[in-house]
Amino acid sequence: FGGIVKESPLHIIHIAVEMAPIAKVGGLGDVVTSLSRAVQDLSHNVDIILPKYDCLNLSNVKDFNFHKSYFWGGTEIKVWHGKVEGLSVYFLEPQNGFFWVGCVYGRNNDAERFGFFCHAALEFLLQSGFHPDIIHCHDWSSAPVAWLFKENYAHYGLSKAQVVFTIHNLEFGAHFIAKAMKYSDKATTVSPTYSREIAGHPAVAPNLHKFHGIINGIDPDIWDPYNDNFIPVPYTSENVVEGKRAAKQALQERLGLKQADLPLVGIITRLTHQKGIHLIKHAIWRTLERGGQVVLLGSAPDHRIQNDFQNLANQLHSSHSDHARLCLSYDEPLSHLIYAGADFILVPSIFEPCGLTQLTAMRYGSIPVVRKTGGLYDTVFDVDHDKDRAQTQGLEPNGFSFDGADAGGVDYALNRAISAWYDGRDLFNSLCKRVMEQDWSWNRPALDYLELYHAARKAAS
Ligand code: ADP
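Residues numbered from 1 in each chain as written. Predicted model: local features only at pLDDT ≥ 70, side-chain atom pairs only at ≥ 80, totals over all residues.

1. Regarding the overall build of the chain
Selection criterion: For helices the rule is a DSSP run of H or I covering at least 4 residues; for strands it is a run of E covering at least 2, with both sets numbered from the N terminus onward. We compute the radius of gyration from the C-alpha atoms alone; for a globule the expected value is 2.2 Å times N to the 0.38, where N is the number of residues. Each residue is classed by its C-beta neighbour count within 10 Å, where at least 20 other C-beta atoms makes it buried, 12 or fewer makes it exposed, and intermediate counts make it partly exposed; the C-beta atoms are placed from backbone geometry. The contact criterion used here is simple: two residues whose C-beta atoms, placed from the backbone, lie within 7 Å are in contact.
A count of helical and extended segments in the chain gives 17 helices and 15 strands. Taken against the 2.2 N^0.38 rule, which gives 23 Å for 461 residues, the C-alpha radius of gyration of the chain at 22 Å falls within 12% of a compact globule. Oriented by its inertia axes, the alpha-carbon framework of the chain measures out at about 65 × 45 × 40 Å. Taken over 461 residues, the chain has a buried fraction of 49%. Intrachain contacts of the chain at a sequence separation of at least 6 include 67% that bridge at least 24 residues.

Here it is in structure tokens:
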């Protein structure tokens with residue numbers, strides 16, 4: 001890739017509806033921020049265009065200023081500018097109140113609001129005289145950028161730009177995604193295995209010639225156990241045992257769990273069907289049976305699932321109050337303490353385009369226990385079964401995994417994981433050290449994206 005990186009810097013503009021940490025709902029928000037930072041670190045120019053939600057956490061925006069205002073779509077649109085994690089962000093605030101609704105998603109006119117945002121973003125680029133090389137849009141929510149650009153803007157002043165579209169999750173808005181797949185110059189999804197899993201989907205199948213699976217990374221500065229305000233003792237792989245012991249104690253204390261040296265399974269997730277709810281429940285009971293502790297941090301967009309877990313929490317907090325805690329909320333600081341304080345992070349997803357929790361787990365020296373699907377398959381290599389497959393990636397095995405989507409599957413991986421903890425702490429600790437030393441950052445994948453950006457431009461010229 002060396003030659004490519006030396007070519008002149010590209011100007012890349014992301015148009016997205018999530019961005020960590022100010023407007024994050026799931027992995028999409030993490031990826032917009034961390035991919036942009038990695039590409040910017042390679043000396044390219046990156047801007048992000050985001051709706052100005054009334055629920056933005058502005059304390060994380062530096063140099064926040066009014067930039068300009070313009071009229072489009074029957075309303076005035078105020079544009080604000082600021083820096084988030086060192087990235088330049090333009091915030092669009094239509095005065096029709098589309099983003100004054102207290103949340104990112106969950107209104108019954110989400111498609112209309114985001115469609116308006118996409119169009120307004122392209123209009124802003126045109127009216128402000130931007131000439132980006134790449135416009136990168138994400139999932140159904142900014143999919144309209146792809147066709148609005150080709151139909152309305154490609155011929156009027158923004159002609160240089162190529163459109164790259166990334167599928168973070170095909171489950172939502174497949175018909176938007178199908179159209180963006182058709183109109184974009186290049187398309188990606190977030191792991192090689194997920195790209196194969198969805199290759200036959202009618203939204204994807206006609207576009208395989210321009211479709212690539214590139215694994216997500218995590219930002220090692222944003223997720224850094226050596227520099228993390230939410231954990232008690234900074235640590236690297238050199239003092240992982242000491243650092244994790246202190247974090248486990250702090251976690252137990254904070255949640256009122258028994259202060260003891262027990263295997264601790266952490267689960268950090270949106271509680272939806274995708275994430276394997278029945279497997280999560282089963283794993284909680286199995287862990288308790290094996291004398292371990294369980295901490296679940298999760299929130300459910302569906303109130304029936306939220307109620308269901310609230311009932312389970314009530315039951316567990318009375319029958320196993322020393323060993324189980326279910327925190328049914330979204331809590332970024334607590335997530336850091338769980339990543340650090342857990343021995344295992346369980347990710348039993350039914351499907352998982354990439355998954356970031358298993359990568360963050362490893363960064364904090366926690367061992368992933370996962371179902372073999374999508375990006376989980378590409379990043380977790382079973383200590384008992386995947387030595388050869390790991391070696392093809394230049395890696396040592398780093399976790400426990402299972403097939404199937406039933407209780408027997410989870411048991412198979414979880415029982416081996418917990419036994420490994422009980423059977424030999426030195427061996428287990430060396431596994432923690434090993435996973436911390438693996439590189440799950442954007443170092444490699446950012447180069448793959450740059451190659452793709454360049455390929456998009458070459459194809460056009
Ligand atoms: P998805 O995008 O499908 O939700 P990912 O694994 O790609 O799944 O990303 C999930 C991200 O959201 C991770 O950064 C994870 O730490 C975070 N997360 C999920 N649930 C919670 C929660 N309840 N509190 C805090 N962070 C959470």
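2. Here's the deal with the site of the ligand
Spelled out, the test is: Whether a residue is near a molecule or strand depends on its C-beta atom, placed from the backbone, lying within 6 Å of it. Gly is placed with the polar residues, together with every amino acid not listed as nonpolar (Ala, Val, Leu, Ile, Met, Phe, Trp, Tyr, Cys and Pro) or charged (Asp, Glu, Lys and Arg). Source of the domain bounds: an automatic or database domain assignment.
Near the ligand, the surroundings consist of 18 residues, among which Gly26, Gly27, Tyr330, Ser335 and Leu356 are the closest. At the level of elements, helix H2 (27-41), strand E10 (264-270), strand E11 (293-299), helix H11 (332-341) and helix H12 (357-363) are the ones that each hand at least two residues to the shell around the ligand. Looking at the shell around the ligand, its residues break down into five nonpolar, nine polar and four charged. Viewed by domain, the shell around the ligand spans two of them, domain 1 (2-219 + 443-460) and domain 2 (237-437), each represented by three or more residues.

3. Some remarks on the sheet that holds strand E13 (residues 344-347)
As a reminder of what qualifies: When DSSP finds two or more bridges between two strands, those strands count as paired. Angles run from 0 to 180 degrees between N-to-C directions of axes, and those axes are lines fitted to C-alpha atoms, restricted for helices to the stretch in contact.
Spatially, E12-E11-E10-E13-E14-E15 is the arrangement adopted by the six strands of the open sheet, whose pairing is parallel. With one partner strand each, in any of the chains shown, strand E12 (324-327) and strand E15 (400-402) form the two edges of the open sheet. Neighbour-to-neighbour, the strand axes of the sheet open up by a mean angle of 15 degrees, direction not taken into account. Of the pairings in the sheet, the one linking E10 to E13 comprises two bridges and is parallel in character. The residue of E13 that forms the bridge with Gly266 is Ile345.

4. Considering the sheet that holds strand E1 (residues 11-15)
Strands sit in the order E3-E4-E5-E2-E1-E6-E7-E8-E9 across an open sheet of nine strands; the sheet is mixed. Every interior strand has two partners, whereas the edge strands, strand E3 (62-72) and strand E9 (211-213), have only one. Put simply, the sheet's adjacent strands are angled 25 degrees from each other on average, direction ignored. Judged from the five bridges that link them, strand E6 (residues 134-138) and strand E7 (residues 162-167) form a sheet pairing that is parallel.

5. Brief notes about the domain arrangement of the chain
Domain annotation for the chain reports domain 1 (2-219 + 443-460) and domain 2 (237-437). When each unit is reduced to the centre of its C-alpha atoms, the spacing between domain 1 and domain 2 is 31 Å. When residues of the side of domain 1 that touches domain 2 are assigned to their parent elements, the largest contribution, four residues, is made by helix H7 (residues 192-197). Residues belonging to the side of domain 1 that touches domain 2 are distributed by class as follows: six nonpolar, nine polar and three charged.

6. Re the environment of Ile135
Secondary-structure assignment places Ile135 in strand E6. Distance in space between the C-alpha atoms of Ile135 and Gln162 is 6.1 Å, their sequence separation being 27 residues. Excluding residues within four positions of it along the chain, Ile135 makes contact with Ile13, Ile15, Val145, Phe149, Ala161 and Val163.

7. So, unusual backbone geometry
The peptide bond linking Ala20 to Pro21 adopts the cis configuration, its omega dihedral lying at -5 degrees. Tracing the sequence through the fold places Pro21 in the loop between E1 and H2. With a phi close to 50 degrees, Asp63 is a non-glycine residue in the positive phi region. Its location among the elements puts Asp63 in strand E3.

8. Overview of H2
As a reminder of what qualifies: Here the expected span of a helix is defined as 1.5 Å times the quantity of residues minus one.
Compared with an ideal rise of 1.5 Å per residue, which puts 15 residues at 21 Å, H2 spans 21 Å between its outermost C-alpha atoms and is within 8% of the ideal. Taken across its 15 residues, H2 has 12 buried, putting it largely inside the fold. Of the positions making up H2, those classed as buried are Gly27, Leu28, Gly29, Asp30, Val31, Val32, Thr33, Ser34, Leu35, Ser36, Ala38 and Val39. Buried residues in H2 make contact with E1, strand E2 (45-51), strand E5 (87-94), E6, helix H4 (139-142) and helix H17 (443-460). Ser43 sits one or two residues past H2 and shows a positive phi near 75 degrees.

9. Brief notes about the packing of helix H5 (residues 144-153) against helix H6 (residues 174-183)
Short version of the rule: The labels follow the angle: roughly parallel below 35 degrees, roughly antiparallel above 145, roughly perpendicular from 65 to 115, and oblique for the rest. If you view the pair so one helix is near and one far, a crossing is left-handed when the near helix is turned anticlockwise from the far one by less than a right angle, and right-handed when it is turned clockwise.
Here H5 crosses H6 at 45 degrees, and the two axes come no closer than 7 Å. It follows from the interaxial angle that H5 and H6 lie oblique. With respect to the hand of their crossing, H5 and H6 are arranged in left-handed fashion. Across from Pro144, Ala146, Trp147 and Lys150 in H5, the residues of H6 making contact are Phe176, Lys179, Ala180 and Tyr183. Tallied by class, residues from the contact of H5 with H6 come to six nonpolar, no polar and two charged.

10. Focus on the nonpolar core
One recurring pattern in soluble globular proteins: nonpolar side chains tend to sit buried together. Our working rule: A set of buried residues drawn from Ala, Val, Leu, Ile, Met, Phe, Trp, Tyr and Cys, joined through C-beta atoms within 7 Å, is what defines a nonpolar core.
Formed by 140 residues in total, the largest nonpolar core has its most connected members in Met19, Leu92, Ala121, Val145, Val163 and Ala417. With nine residues, the top contributor of residues to this core is helix H3 (residues 110-127). Counting contributing residues per domain, this core is built from domain 1 (2-219 + 443-460) and domain 2 (237-437), each supplying no fewer than three. When neighbours within four sequence positions are excluded, Ala417 is seen to be in contact with Phe344, Ile367, Val369 and Phe400.

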